[in-house]
Amino acid sequence: QVQLVESGGGLVQPGGSLRLSCAASGNIFTINDMGWYRQAPGKQRELVASITSGGNTNYVNSVKGRFTILRDNTKNTVTLQMNSLRPEDTAVYYCHMSLRSRDLSYYNAYWGQGTQVTVSA
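Let us look at the structure shown here. Treat the numbers as computed from the prediction; the structure is a model and nothing was measured.

### Let's talk about the layout of surface pockets
- In this structure, the largest pocket encloses a volume near 180 Å³.
- Along the wall of the largest pocket there are 13 residues; nearest its centre are Arg38, Ala40, Lys43, Glu46 and Glu88.
- Residue composition of the lining of the largest pocket, grouped by class: 3 nonpolar, 4 polar and 6 charged.

Here is the structure:
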């Protein structure tokens, strides 16, 4: 069984920084894309940043230049470094991985449990 466990959310003042981490564990064969999504109250979940197995990254326009996504393939982890945080970044953040476990021949989507990020003075 595969699990994604997130850590690193919290309360921060505008202009501050937070680092989110997500670690996958279990019967993992290989991981394709990794990413971070967020969902604010009353809004749809949106993709914040993604990174391919080859290291290519993609960001939503509102976080470009402020957020950085990184992955460590040896540890099956993905991190999101968030700088210059704004109140509008407040949301529950979810990590996502397209992952193939050893007992399956195809990729499945896996999600973390979500971690709250609140940006407020």
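### Here we look at the packing of aromatic side chains
- In the structure shown here, the tally under the stated rule is 1 aromatic pair.
- Summarising the aromatic geometry, the rings of Tyr37 and Trp111 are spaced 4.9 Å apart at their centres and angled 65° between planes, so their arrangement reads as edge-to-face. Of the two residues, Tyr37 is situated in strand β4 (residues 28-39) and Trp111 in strand β10 (residues 108-111); the sequence distance between them amounts to 74 residues.
- By relative accessible area, Tyr37 is classed as partly exposed at 21%.

### Let's talk about the nonpolar core
- The biggest cluster of nonpolar side chains holds 31 residues, and the ones touching the most others in it are Trp36, Val78, Leu80, Met82 and Tyr93.
- Going through the elements one at a time, β3 (18-25), β4, β5 (46-51), β7 (67-72), β8 (77-82), β9 (91-101) and β11 (115-119) are the ones with two or more residues in this core.
- With 5 residues, β9 is the largest single contributor of residues to this core.
- Look past the residues within four positions of Tyr93 in its chain and what remains in contact with it is Glu6, Leu20, Trp36, Tyr37, Arg38, Val48, Phe67, Leu80, Met82, Gly114, Thr115 and Val117.

### So, the pairing of strand β1 (residues 3-7)
- Here β1 shows a buried face lined by Leu4 and Glu6 and an unburied face lined by Gln3, Val5 and Ser7.
- Sheet analysis places β1 next to β3, joined by 5 bridges and oriented antiparallel. Opposite Ser7, over in β3, you have Ser21 as the bridge partner.

### Some remarks on the pattern of salt bridges
- Scanning the entire structure with this criterion turns up 3 salt bridges.
- With a shortest N-O distance of 2.8 Å, Asp89 and Arg66 are connected by a salt bridge. Of the two residues, Asp89 is situated in the loop between β8 and β9 and Arg66 in the loop between β6 (57-59) and β7; the sequence distance between them amounts to 23 residues. Here the two residues Asp89 and Arg66 agree in accessibility, since each one is buried.
- A network of salt bridges, in which partner residues are shared, links Arg38, Glu46, Arg66 and Asp89.

Thresholds, definitions, all that
Position labels on residues start from 1 in each chain and follow its written sequence. Per-residue local features of the predicted model are confined to residues with pLDDT of at least 70, and side-chain atom pairs are confined, for both listing and counting, to 80 or more; whole-chain, interface and lining totals are unaffected and use all residues. In computing side-chain values, all of the structure's heavy atoms are included and hydrogens and water are not. Whether a set of points on the 1 Å grid over the protein atoms alone is a cavity depends on a 1.4 Å probe fitting there but being unable to get out, while an open set qualifies as a pocket with protein on both sides within 12 Å along at least five of seven lines; lining residues are those with an atom within 4 Å of a point. Grid points are joined across faces, edges and corners, and a volume is the space filled by probe spheres set on the points. Each residue is assigned to one of three groups, with Ala, Val, Leu, Ile, Met, Phe, Trp, Tyr, Cys and Pro labelled nonpolar, Asp, Glu, Lys and Arg labelled charged, and all others, Gly among them, labelled polar. Pairing of aromatic side chains requires ring centres within 6.5 Å, counting the rings of Phe and Tyr and the six-membered ring of Trp. Pairs whose planes differ by under 30 degrees are stacked, by over 60 edge-to-face, and all others tilted. A run of H or I in DSSP counts as a helix once it spans at least four residues, and a run of E counts as a strand once it spans at least two, with each numbered from the N terminus. Summary of the burial criterion: residues with accessible area below 20% of their type's maximum are buried, those above 50% are exposed, and those between are partly exposed, where the area comes from a 1.4 Å probe applied to protein chains only. Nonpolar cores are built from buried Ala, Val, Leu, Ile, Met, Phe, Trp, Tyr and Cys residues. Side-chain atoms within 4.5 Å join them into one set. In this description, contact between two residues means that some pair of their heavy atoms is separated by no more than 4.5 Å. By definition, two strands form a pair when at least two bridges between them are found by DSSP. By definition here, a salt bridge exists when the distance from a side-chain nitrogen of Lys or Arg to a carboxyl oxygen of Asp or Glu is within 4 Å.

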